[in-house]
Amino acid sequence: MPIYDVAIIGAGPAGLLCARNAARRGLSVALVDSHDRPGVKLSVAGGGRGNFTNRTLTERHYVTGDPALVRAVLRAFPCEKVLDLLRELRLPFEERDFGQIFGLRPASFMADRLAMQCDDARVDFYLGGAAHSFTPPSASPAFGRADNERTFSFLAGRERVTARALVIAAGSPACPALGSSDAMAKLAAAWGHDVVPFRPALAPLVMPDGWPLAGLEGISLNVRLELRRNGESFRPDPEGIRPLLFTHRGVSGPAALVASCLWKPGDELLIDFLPELPVPELLDEKDHGKLLARNLLARHMPARLADALCPEDLARRKCAELGKKDRLRLAQAVHRFSCRPAGTEGLKRAEVAAGGVTFSSLSRKLESRLVPDLYFCGEILDVAGLLGGYNIHWALASGALVASALAKCAAEKTDVASDFRGRRSVPKN
């Protein structure tokens, strides 16, 4: 049974790039995944096309407990590096709204081509069997080893895998239909690491029964959202205005998905339905004086939504007849509509999960401070990107960082071992 330099659990974008880069630097690599093919979750990203990165990439686009570390990782692996990777993989791409970079071929092509490059670099794949039955790493009893080598051992399905270093790139429990789980996060916790409980992110919001805008499913329009918590309001989305879609259970669309990343039970959702058309200015226009208040709104939003938003006692009154308080009420209904979501659609509908292994017990190279030669990358870490290519970018950036750290560590150990053997060969006087 071979002892690999590194075993990587999880063949998503983080694990694939980490395996490829580590193998290209001369390390022997085992790549383990419970699916029978790599990159299953990646194949559904971005509607199947893959939103791989974003021109506006900053730490502000992530929900995390350590923005400074995220910023450092992103600076080392900016947007252009992902574009270079796409070019190397011969995957054409295009830029869309908000700086989003989408592939022009199915997202599964990235996984397939990274897997081919891993194969070319002699990575050994262990697919179709979940990693389990871990033996905690322990120092080798062999006397005289300069590096006091430790090994990790576990079963991949029924096959034993042993390696000098272990990388956990197993993702989060979002999208359990694709086989996702929190098993590796539980293993990290069992080995002493702090793990923030996972919660849904990039998930539709569910509204309580009988909420004022029920029955509007299918309506979509651009809005600006805020969240209000303990009396303080904040905007969850650095990009500002995005589409909102009414569903039979609440709201979805990009605006709601982004808000779900920061929403917590009890938070109010404040919706501005006309973020670029202030109602007071519309009311002040002379040509609008004879319009009914409801009809004025219906000129700028779907009629059913205008009917639901306009206060009943104002709907049939002309704009010129509205007094100051009435105008304020109408503006409030449109620009500061308040509701309190009952929850989200849960991890089964979430694109990602917030929470995971915190950075408190990791080095800046994403190596555990508690278990030497144990690394983490990708979505299992306490980092959740907002909508726009940020999550795949984080997976690639963190996977590349860990591969570099593994190669550097292996080189340092080789140098130490060579020096040790050299010193042992010097005759004693």
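Everything below is about the structure shown above.
## Considerations on the pattern of salt bridges
Two side chains bearing opposite charge may form a pair once their charged atoms approach each other closely.
Part 1: Applying the stated criterion to the full structure yields 24 salt bridges.
Part 2: With its nearest N and O atoms 3.9 Å apart, the salt bridge here joins Asp 272 to Arg 224. Of this pair, Asp 272 sits in strand β17 (residues 268-272) while Arg 224 sits in strand β13 (residues 220-229); the two residues are 48 residues apart in sequence, bridging distant segments of the chain. Both residues of the pair, Asp 272 and Arg 224, count as buried.
Part 3: Among the salt bridges present, the one from Arg 294 reaches Asp 307, with a minimum N-O distance of 2.5 Å. One end of the pair, Arg 294, is in helix α8 (residues 293-298); the other, Asp 307, is in helix α9 (residues 303-309), and 13 residues separate them in sequence.
Part 4: According to the relative accessible area criterion, Asp 307 is partly exposed, its value standing at 44%.

## Let's talk about the sheet that holds strand β5 (residues 93-95)
Part 1: Taking strand neighbours across the sheet as the criterion, the three strands line up as β3-β6-β5 in an open arrangement whose pairing is antiparallel. Two strands in the sheet have a free side with no partner beyond their single neighbour: β3 (51-54) and β5. Direction aside, neighbouring strands of the sheet carry axes that sit 25° apart on average.
Part 2: Note: β5 against strand β6 (residues 100-103), three bridges, orientation antiparallel. When the bridges of β6 are listed, Glu 94 appears paired with Phe 102.
Part 3: Docked against the sheet, helix α3 (residues 79-88) engages β3, β5 and β6, running at close to 145° with respect to β3.

## Observations regarding the nonpolar core
Part 1: Judged by nonpolar contacts, the single largest core of 102 residues is most densely connected at Met 110, Phe 154, Leu 166 and Leu 381.
Part 2: Per-element tally for this core: the top contributor is helix α11 (residues 390-424), with 13 residues.

## With respect to the packing of helix α1 (residues 13-24) against helix α4 (residues 108-120)
Part 1: It is at 9 Å that the axes of α1 and α4 come closest, and there the two elements cross at 25°. Overall, the two elements α1 and α4 adopt an arrangement that is roughly parallel. Note that α1 runs across α4; the crossing there is left-handed. Taking contact as the criterion, the partners of Leu 16, Leu 17, Ala 19, Arg 20 and Arg 24 in α1 are, on α4, Ala 111, Leu 114, Ala 115, Gln 117 and Cys 118.

Rules used throughout
- Residues numbered from 1 in each chain as written.
- Predicted model: local features only at pLDDT ≥ 70, side-chain atom pairs only at ≥ 80, totals over all residues.
- Heavy atoms only, no water.
- Salt bridge = Lys/Arg side-chain N within 4 Å of Asp/Glu carboxyl O.
- Helix = DSSP H or I, 4+ residues; strand = E, 2+ residues; numbered from the N terminus.
- Buried < 20%, exposed > 50% of the residue type's maximum accessible area, 1.4 Å probe, protein only.
- Pairing = 2+ DSSP bridges.
- Axes fitted to C-alpha atoms, helices over the stretch in contact; angles between N-to-C directions.
- Contact = heavy atoms within 4.5 Å.
- Core = buried A, V, L, I, M, F, W, Y, C linked by side-chain atoms within 4.5 Å.
- Parallel < 35°, antiparallel > 145°, perpendicular 65-115°, else oblique.
- Left-handed = near helix turned anticlockwise from the far one by under 90°.

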